[in-house]
Amino acid sequence: MKYWYGIHKWTSLICAVFLLIMCVSALPLIFSREIVAFNQVGAPGVAPAGNPFNLSALSVGKYAADALERYPGSSLRAVYLDYERMTAGFSLQSTGKGSQYVRLDLSTGRFIDRSDQQVKYEFIPKFIDSMYRMHVDMYLGEWGRKLLGFMCGLSIVALLSGLWLYAPFTRTLTFGTIRTAHRRSCWIDWHKLLGVATLSWAVLLSASGFIFVFAGPVYNAWNEITHKEFLQEYQGRPYSAPRILIDDVLAIAKAAVPDRRVTGIEMPQAGGRMPWHYTIRTQGEGFAAYINKPVWIDASTGAITAIIELPWYIQALAMARPVHFSNHDTLLLKSLWFIIDAFTCIMIVTGMYAWFVKFRPKSSVVKVNSQSVAFDYPVRQSPRQIWQAPIAVILLTGFGIIAPLASKEWNVISAFALAMPIVLAIYYCFRR
């Protein structure tokens, strides 16, 4: 136990401040979409009654031509389709203005420029941006991003080593016991309770953050091998302007993968990695919605060069993003995430305080007559008694985080699973 205690103590002390910064900055980011919507002047456009927009019948080519007409002198680099927000995004490149991104509201047919958007309070966008920068790199650029990524990995070690220490520290304590006789014991008990309640959430979020930062070389190596395998015959071939229309490319891709829907079209670019092909991004249903299955279409002939199947390890790495962002879309789930995030902040603070408070000088202890006091000797618990409640809480929380990725139908059940650790923590707080 002494070995694991040392690991937990030093890894926690090193990463605690950084993990606290990431958790605190994440609190407003959880509701960033709602905050931005509240701060915008004017309500979003609504589709005309009786004329719902059908994304499957979308003429991407027409809207792309409208975007290029709106921004003369620009070239189209990519088109992205958002089925939830009913928007199309166009990435444009121009020699004078550089790159720019413009969105089209498919329900109204109007282009949405960032310069046209008015806000009620100027400080809100700045505040959200500052929280995002603190969460991602602490204003230290790539070095800060890698530092926080390393701290995410270190926090996983701290959290799992803390779980290993749970049993030795609760041999004679029932789950949720908060001792109030000594200040340090009280803080340690709160640290243990909130550590169990937030363990799954903190580990999964830390793991996904670590993958964000350090999985790039793995993906780049696989991508390089894939390009060499499928594009070898194109090497040395001169670039030729695309002769296949975007709408025809969409039709070819939909026929090739009928069980998936197109989410993006990257144009062939002279001097780019794919100068001879359209790259079509597709998504499936359930967990497959977060796994890209690219279709490479020859821009000159319209022939399908390859349909790329991602290997299992790339798929595993790709799931880091939805675990971090895509499993709390409803207001209820966001509220529960906010509370669990706040509990994680408290868990970090209680652990730090419990360690620092032991260096304070001990207060004088009043001696009492041992014959006049009746002592209740602690009862040692079995491993089953120690672990049954923590394991149930950890599994419930993990289920509540993962299940929404399978389908929106799981949102209510997931909310119930995430609410249980919160209810238990509040119950034990008032029970004492």
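Just above, that's the structure.
Residues numbered from 1 in each chain as written. Predicted model: local features only at pLDDT ≥ 70, side-chain atom pairs only at ≥ 80, totals over all residues. Heavy atoms only, no water.

Colleague: Can you help me understand the packing of aromatic side chains in this one?
Modeller: Both the distance between ring centres and the angle between the ring planes are used here to describe each pair of aromatic rings. Tallying each qualifying case throughout the model produces 19 aromatic pairs. Measuring from centroid to centroid gives 5.6 Å for F175 and Y428, while their planes differ by 85°, and the two rings are edge-to-face. Placement of F175 in the loop between helix 6 (166-169) and helix 7 (183-214) and of Y428 in helix 14 (residues 411-431) is noted, with a sequence separation of 253 residues between them. In this structure F175 comes out as buried when scored by relative accessible area, which is 13%. On the basis of an interplanar angle of 10° and a centroid distance of 5.6 Å, the ring pair of F212 and F325 is categorised as stacked. Placement of F212 in helix 7 and of F325 in helix 11 (residues 320-325) is noted, with a sequence separation of 113 residues between them. (Phe/Tyr/Trp six-rings, centres within 6.5 Å; stacked < 30°, edge-to-face > 60°. Helix = DSSP H or I, 4+ residues; strand = E, 2+ residues; numbered from the N terminus. Buried < 20%, exposed > 50% of the residue type's maximum accessible area, 1.4 Å probe, protein only.)

Colleague: Please explain the pattern of salt bridges as it appears in this structure.
Modeller: A side chain with one charge can pair with a side chain of the opposite charge if their charged atoms come near. What the rule picks out here adds up to ten salt bridges. Where E34 meets K334, a salt bridge forms, and the shortest distance between an N and an O atom there is 2.8 Å. Of this pair, E34 sits in helix 2 (residues 32-39) while K334 sits in helix 12 (residues 331-356), and the two are 300 residues apart along the sequence. With a relative accessible area of 6%, K334 lands in the buried category. Across the pair K62 and D66 runs a salt bridge whose closest N-O atoms are separated by 3.4 Å. Linking K62 with D66, this pair stays in helix 3 (residues 60-70), spanning four residues, or about one helical turn. Judged by its relative accessible area of 47%, K62 falls in the partly exposed class. (Salt bridge = Lys/Arg side-chain N within 4 Å of Asp/Glu carboxyl O.)

Colleague: How do you make sense of the nonpolar core when you look at a structure like this?
Modeller: Where a protein is soluble and globular, its nonpolar side chains tend to be buried together. Core analysis: the biggest nonpolar cluster contains 46 residues, and F175, W201, W337 and L418 have the highest contact counts within it. Broken down by secondary-structure element, the contributors of at least two residues to this core are helix 1 (2-30), helix 5 (141-164), helix 6, helix 7, helix 12, helix 13 (383-406) and helix 14. By residue number, the principal contributor to this core is helix 7, which donates ten residues. The residues contacting L418, other than those within four sequence positions of it, are L333, L336, W337, I340, T397, G400 and I401. Counting 31 residues, the second largest nonpolar core, distinct from the first, contains A67, L106, L250 and V257. (Core = buried A, V, L, I, M, F, W, Y, C linked by side-chain atoms within 4.5 Å. Contact = heavy atoms within 4.5 Å.)

Colleague: Where do I start with the pairing of strand 8 (residues 304-307) in this structure?
Modeller: Within a regular beta strand, the side chains point alternately toward one face of the sheet and then the other, so they alternate between its two faces. The sheet contact formed by strand 7 (residues 295-298) and strand 8 spans three bridges and is antiparallel. Each residue of the ladder has a partner; that of W296, found in strand 8, is A306. Connecting strand 7 to the next strand, strand 8, in antiparallel fashion are five residues, including G302 with a positive phi near 80°. (Pairing = 2+ DSSP bridges.)

Colleague: Is there a simple way to think about unusual backbone geometry in this case?
Modeller: The phi torsion of most residues other than glycine is negative, and most of the peptide bonds are trans. Of note, M86 is a non-glycine position whose phi angle comes to about 55°, a positive value. Within the element layout of this structure, M86 appears in the loop between strand 1 (74-82) and strand 2 (87-94). Despite not being glycine, M138 shows a phi value in the positive range, around 55°. Within the secondary structure, M138 sits in the loop between helix 4 (123-136) and helix 5.

Colleague: Just to check I follow, could you spell out empty space enclosed by the protein for this structure?
Modeller: Per the counting criterion, the structure on display carries one cavity of 30 Å³ or more. For the lining of the largest cavity, the leading source of residues is helix 7, giving three residues. Of the residues in the lining of the largest cavity, the class split is four nonpolar, four polar and two charged. (1 Å grid on protein atoms, 1.4 Å probe; cavity = no way out; pocket = protein on both sides within 12 Å on 5 of 7 lines; lining within 4 Å. Points joined across faces, edges and corners; volume = space filled by probe spheres on them. Nonpolar A, V, L, I, M, F, W, Y, C, P; charged D, E, K, R; others polar.)

Colleague: Can you walk me through the sheet that holds strand 5 (residues 261-266) in this structure?
Modeller: Two orientations exist for strands paired in a sheet by backbone hydrogen bonds: parallel and antiparallel. Here we have eight strands laid out as an open sheet, ordered 4-3-2-1-5-6-7-8, and antiparallel in their pairing. In the strand order of this sheet, the two ends are held by strand 4 (110-112) and strand 8, each with one partner. Across this sheet, the average inter-strand angle for adjacent strands is 25°, counted without regard to direction. As defined by bridge partners, strand 2 adjoins strand 3 (residues 98-105) across eight bridges and the pair is classed as antiparallel. Within strand 3, the position partnered with S94 by the bridge is G98. (Axes fitted to C-alpha atoms, helices over the stretch in contact; angles between N-to-C directions.)

Colleague: It is not clear to me how the environment of M267 should be interpreted in this structure. Could you clarify?
Modeller: Here M267 lies in the loop between strand 5 and strand 6 (277-283). Taking C-alpha positions, M267 is 8.3 Å from V79, a pair spaced 188 residues apart along the chain. Not counting chain neighbours up to four residues away, the residues in contact with M267 comprise L76, R77, A78, I246, H277 and Y278.

Colleague: Help me out: how do you make sense of the packing of helix 1 against helix 12 in this one?
Modeller: When two helices pack together, their arrangement is given by the angle between the helix axes and the distance between those axes. Orientation of helix 1 relative to helix 12, taken along the N-to-C sense of each, is 145°, at an axis distance of 9 Å. The two elements helix 1 and helix 12 cross, and the hand of that crossing is left-handed. Listed contacts from helix 12 to Y5, K9, L13, A16, V17, L19, L20, C23, V24, A26, L27 and I30 of helix 1 are K334, W337, F338, D341, A342, T344, C345, I348, V349, M352 and W355. Here the contact of helix 1 with helix 12 is composed, by residue class, of 19 nonpolar, one polar and three charged. (Left-handed = near helix turned anticlockwise from the far one by under 90°.)

Colleague: I'm lost on the layout of surface pockets in this one. Help?
Modeller: To find leftover empty space, one rolls a probe the size of a water molecule over the atoms. The space that makes up the second largest pocket amounts to roughly 700 Å³. Around the second largest pocket, the lining comprises 29 residues; the ones closest to its centre are H8, S12, G162, H191 and G351. Broken down by element, the lining of the second largest pocket gets its largest block of residues, eight residues, from helix 1. Residues that form the lining of the second largest pocket fall into these classes: 19 nonpolar, seven polar and three charged.

Colleague: Would you explain the side chain of S155 in this entry?
Modeller: One can find S155 in helix 5. Beyond its immediate sequence surroundings of up to four residues, S155 is in contact with C15, L19 and S206.

Colleague: How do you make sense of the pairing of strand 1 when you look at a structure like this?
Modeller: Of the strand pairs in this sheet, strand 1 and strand 2 are connected by eight bridges, and their pairing is antiparallel. Pairing of A78 across the sheet is with S91, part of strand 2. Where strand 1 lies against strand 5, three bridges are found, and the strand directions are antiparallel. In the strand pairing of strand 5, V79 is matched with I265.

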